[in-house]
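These are the residues of each chain, in order.
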Amino acid sequence: MITRCLTALLILSIAFLSSVHAASADRGQLLYNNFCYHCHISEIHYRVGSKISNWAELVHMVSVWQEEMKLGWTAEDVTDVASWLDWVYYQLPDAQGAH
């Protein structure tokens, strides 16, 4: 009985975390599309000599540009956008479970 309860709890936890990540990715995409896309085209993320080679650099670059544009994003906003960008364009190996 305890094993069944623990298994059910584990499955529910995984489902919850997956839905939370999906919501964060959706939020990141929404923020990017509303505030970044008009200056960026997808090719900027694929260009040779990209400045992004790890998760910390991606988060930093999103943070720098939101500050430059005076968007006033929270750390969560920056992480959501970075997570979405990583999922769509970068697939960085050190994305710290962002997917």
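One can find the structure itself at the top, above this paragraph.
The following paragraphs examine the structure supplied in this document. (Residues numbered from 1 in each chain as written. Predicted model: local features only at pLDDT ≥ 70, side-chain atom pairs only at ≥ 80, totals over all residues. Heavy atoms only, no water.)

### Comments concerning the packing of aromatic side chains
Spelled out, the test is: Stacked, edge-to-face and tilted are the three classes for Phe, Tyr and Trp ring pairs, Trp counted by its six-membered ring, which pair at centre distances within 6.5 Å; planes under 30 degrees apart are stacked, over 60 edge-to-face, the rest tilted. Only DSSP runs of H or I covering at least 4 residues are called helices, and only runs of E covering at least 2 are called strands; the numbering of each starts at the N terminus. Three labels apply to residues, based on accessible area from a 1.4 Å probe with only protein chains included: buried if under 20% of the type maximum, exposed if over 50%, partly exposed otherwise in between.
Scanning the model with the defined rule gives three aromatic pairs in all. Taken together, a centroid distance of 5.2 Å and an interplanar angle of 40 degrees make the contact between Tyr32 and Trp84 tilted. Remark: Trp84 occurs in helix α3 (residues 75–90) and Tyr32 occurs in helix α1 (residues 2–35); sequence separation between them is 52 residues. Using a relative accessible area of 3% as the deciding quantity, one classes Tyr32 as buried. For the pair Trp84 and Tyr89, a centre-to-centre distance of 6.1 Å together with 90 degrees between the ring planes defines the contact as edge-to-face. Here Trp84 and Tyr89 have matching classes, each one buried.

### Side note on the nonpolar core
Nonpolar side chains in soluble globular proteins tend to be buried together. Heads up, the condition is: Take the buried residues of types Ala, Val, Leu, Ile, Met, Phe, Trp, Tyr and Cys, join any two whose side-chain atoms come within 4.5 Å, and each joined set is a nonpolar core. Contacts are assigned to residue pairs that have any heavy atoms within 4.5 Å of one another.
Counting residues in each nonpolar core, the largest one holds 17 residues, and the members touching the most others are Tyr32, Leu58, Val62, Trp73, Val81, Leu85 and Tyr90. Within the residue set of this core, elements represented by two or more residues are α1, α2 (55–68) and α3. For this core, the element with the highest residue contribution is α3, accounting for seven residues. Excluding residues that lie within four positions of it along the chain, Trp73 makes contacts with Leu31, Phe35, Cys36, Val62, Gln66, Val78 and Val81.

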